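# Residue-level structure breakdown
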Amino acid sequence: MKNLFFITALFFNMLVIHSQANSDSREATNLTWHTDVKEALVVSNKENKPLLLFFTGSDWCGWCIKLQKEVLRTAEFEKWAAANVILVELDFPRKNLQTPEMQNQNNQVMQAFGVQGFPTIHLVKATQKEGKVNFEGLGSTGYVPGGPTAFLEVANGIIHTQN
């Protein structure tokens with residue numbers, strides 16, 4: 001009986017230690033991903049930050065899902081994004097339904113940037129004049145192996161070479 005109690009106590013202590021050790025690798029949940037480009041543009045201009053346009057097939061694209069898991073949902077990316085960019089998700093799902101307006105917007109932006117594969121990320125500055133959005137491309141990337149550190153090195157290179 002004492003052995004069972006000891007083993008149970010040891011097991012629960014190991015769970016607590018494991019939980020604390022992994023607290024830094026938990027997914028980030030405080031990011032705002034805009035889906036309306038014009039709304040994101042207003043925020044971008046107000047905060048004087050470029051847009052990060054994430055072209056994704058969220059429910060079917062394996063590399064998109066991998067990028068989300070390894071980079072875009074990490075605390076490191078969340079901290080960087082809050083300080084540097086306004087996030088915009090332009091999704092092209094196969095199963096999840098979208099409004100015709102959302103599909104039209106996403107298709108227009110995809111055509112404007114000549115996106116041919118997913119995931120694709122464009123960092124841009126944007127302005128709106130007479131109801132039309134004008135984009136100034138800063139640079140683009142896709143999936144970058146190596147987690148958030150490698151991805152953010154590429155993203156910082158794009159943003160900081162343009163300033």
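Here's what I pulled together on the structure shown here. Quick caveat, the model's predicted, so the values are computed rather than measured.

Calculation criteria
Residues numbered from 1 in each chain as written. Predicted model: local features only at pLDDT ≥ 70, side-chain atom pairs only at ≥ 80, totals over all residues. Heavy atoms only, no water. Salt bridge = Lys/Arg side-chain N within 4 Å of Asp/Glu carboxyl O. Pairing = 2+ DSSP bridges. Helix = DSSP H or I, 4+ residues; strand = E, 2+ residues; numbered from the N terminus. Expected span 1.5 Å × (residues − 1). Buried < 20%, exposed > 50% of the residue type's maximum accessible area, 1.4 Å probe, protein only. Arc of directions from axis to C-beta. Contact = heavy atoms within 4.5 Å.

Pairing of side chains with opposite charge becomes possible as their charged atoms draw close. This structure, assessed with the given rule, holds two salt bridges. For Lys49, the salt bridge goes to Glu47, with nearest N and O atoms at 3.1 Å.

Before going further, it helps to spend a moment on the pairing of strand S5 (residues 132-141). When strand S4 (residues 120-129) meets S5, the two strands line up antiparallel, connected through nine bridges. Paired with Ile121 across the bridge in S5 is Thr141. Between S4 and the antiparallel strand that follows it, S5, lie two residues; Glu130 among them carries a positive phi value of about 55°.

Attention now moves to helix H6 (residues 147-161). Taking 1.5 Å per residue as the helical rise, H6 with its 15 residues ought to reach 21 Å, and the 22 Å between its terminal C-alpha atoms agrees with that figure. Listed in full, the buried residues belonging to H6 are Gly147, Pro148, Phe151, Leu152, Ala155, Ile158 and Ile159. What you see down the axis of H6 is that its buried residues fit within an arc of 120°, all on one side. Exposed side chains of H6 directed beyond 90 degrees from the buried face belong to Glu153 and Thr161. Taken together, the buried residues of H6 touch helix H3 (62-72), helix H4 (75-84), S4 and S5.

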